[in-house]
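# Per-entry structural report
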Amino acid sequence: MISESTKARFAREVAKFPTDQKQSAVMACLSIVQQELGFVSAESENVVAEYLGMPPIAVHEVTTFYNMYNQVPMGRFKLNVCTNLPCQLRDGAKALKHLEHRLGISMNETTADGLFTLQQSECLGACADSPVMLVNDRTMCSFMSNDKLDQLVDGLRASGTPSAEAK
C-alpha cells in the first residue's frame, strides 16, 4: 500500500526536524500519501502513525481537521464552495445549489464520470470576494456568479478526463 519510495520521502521530511520531534512531519507525510494514493485511507493513517511513532488517533485528528486531506477517493476536480456566514450573505449557498443542479450531484458526491466532487468549505479566507470556491485545493475562484460557475465547469470538463480513483 505505501511504497518504499514513499517511505523514503517520509524520511526526507522527518530529517527536517530534530530527532525528538519527528511527529512534526505528520502533515507532510499525509500530503505525500495523498499524492501517491489520491486520498488518505485509515490504513495509510496507521502507516504514518507507526512511522512517526504517534498514536493513530493523533494522525486521524490531523486528517479530519484539515480540508486538504481527502478521506475517500475524489473526482479529478474537487470543488470546495465556501458557505461560511460572510459567503452565505453574498450567495455562497446559492452557488453551491447551482453547482449541485448543474452537476447533478449533491454535496460530498462525485459525478458518475469521475470528473467532479462537490464539497462545502467552512471558510476560504476571501470574504470580500464571495462567493468563493477552491478547485483542487489550489486555485481560488472569486465572485462566482452562476455564469462564472458554468464557465468554470465547462472549462474543467473540456480539459479533464475521468480520474482512476472515481471509476
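Residues numbered from 1 in each chain as written. Predicted model: local features only at pLDDT ≥ 70, side-chain atom pairs only at ≥ 80, totals over all residues. Heavy atoms only, no water.

The next thing to look at is the overall build of the chain. Of regular secondary structure, the chain possesses seven helices and five strands. From first element to last, N terminus to C terminus, the chain shows the α and β order α-α-α-α-β-α-α-β-β-β-β-α. Principal axes of the C-alpha set define a box for the chain whose edges measure 50 × 35 × 25 Å. In the chain, the proportion of contacts linking residues at least 24 apart, taken out of those at least 6 apart, comes to 62%. Within the structure as shown, the chain displays about 9000 Å² of accessible surface, and the carbon and sulfur contribution to it stands at 53%. In the chain, 15 side chains carry a positive charge and 19 a negative one; their mean positions are 5 Å apart. (Helix = DSSP H or I, 4+ residues; strand = E, 2+ residues; numbered from the N terminus. Contact = heavy atoms within 4.5 Å. Areas by Shrake-Rupley, 256 points an atom, 1.4 Å probe, with all protein chains shown as cover. Lys, Arg positive; Asp, Glu negative; His and termini not counted. Charge placed at Lys NZ, Arg CZ, Asp CG, Glu CD.)

For the rest of this paragraph, the subject is the confidence of the model for the chain. The predicted model of the chain has a mean per-residue pLDDT of 91, with 96% of residues at 70 or higher. In the predicted structure, residues 162-167 sits below a pLDDT of 50 and forms 15 contacts with residues beyond four places in sequence or in another chain. (pLDDT = per-residue confidence, 0-100.)

Let us look at helix α6 (residues 92-103). Taking 1.5 Å per residue, twelve residues should reach 16 Å; α6 reaches 17 Å between its end C-alpha atoms and fits that length. When we look at burial in α6, the residues that qualify are G92, A95, L96, H98, L99, E100 and L103. Buried residues belonging to α6 abut β1 (77-82), α5 (85-89), β3 (116-121), β4 (133-135) and α7 (146-159). G104 sits one or two positions beyond α6 and adopts a positive phi of about 70 degrees. (Expected span 1.5 Å × (residues − 1). Buried < 20%, exposed > 50% of the residue type's maximum accessible area, 1.4 Å probe, protein only.)

A separate point is helix α1 (residues 4-14). Every buried residue of α1 is listed here: T6, F10, E13 and V14. The buried residues of α1 occupy an angular sector of 95 degrees when the element is viewed end-on, so they sit on one face. Among the exposed residues of α1, those pointing more than 90 degrees away from its buried face are E4 and R12. Considering only its buried residues, α1 is in contact with α2 (26-37) and α3 (42-52). (Arc of directions from axis to C-beta.)

This part is about the pattern of salt bridges. One pass over the structure, following the stated rule, counts six salt bridges. The salt bridge partner of K97 is E100, with a shortest N-O separation of 3.3 Å. With K97 and E100 both in helix α6, this residue pair falls three residues apart, about one helical turn. Judged by relative accessible area, which is 56%, K97 ranks as exposed. By relative accessible area, which is 14% here, E100 ends up buried. A salt bridge links R102 to D150, with the shortest nitrogen-to-oxygen separation between them at 2.9 Å. Of this pair, R102 sits in helix α6 while D150 sits in helix α7; the two residues are 48 residues apart in sequence, bridging distant segments of the chain. Owing to a relative accessible area of 21%, D150 belongs among the partly exposed residues under this scheme. (Salt bridge = Lys/Arg side-chain N within 4 Å of Asp/Glu carboxyl O.)

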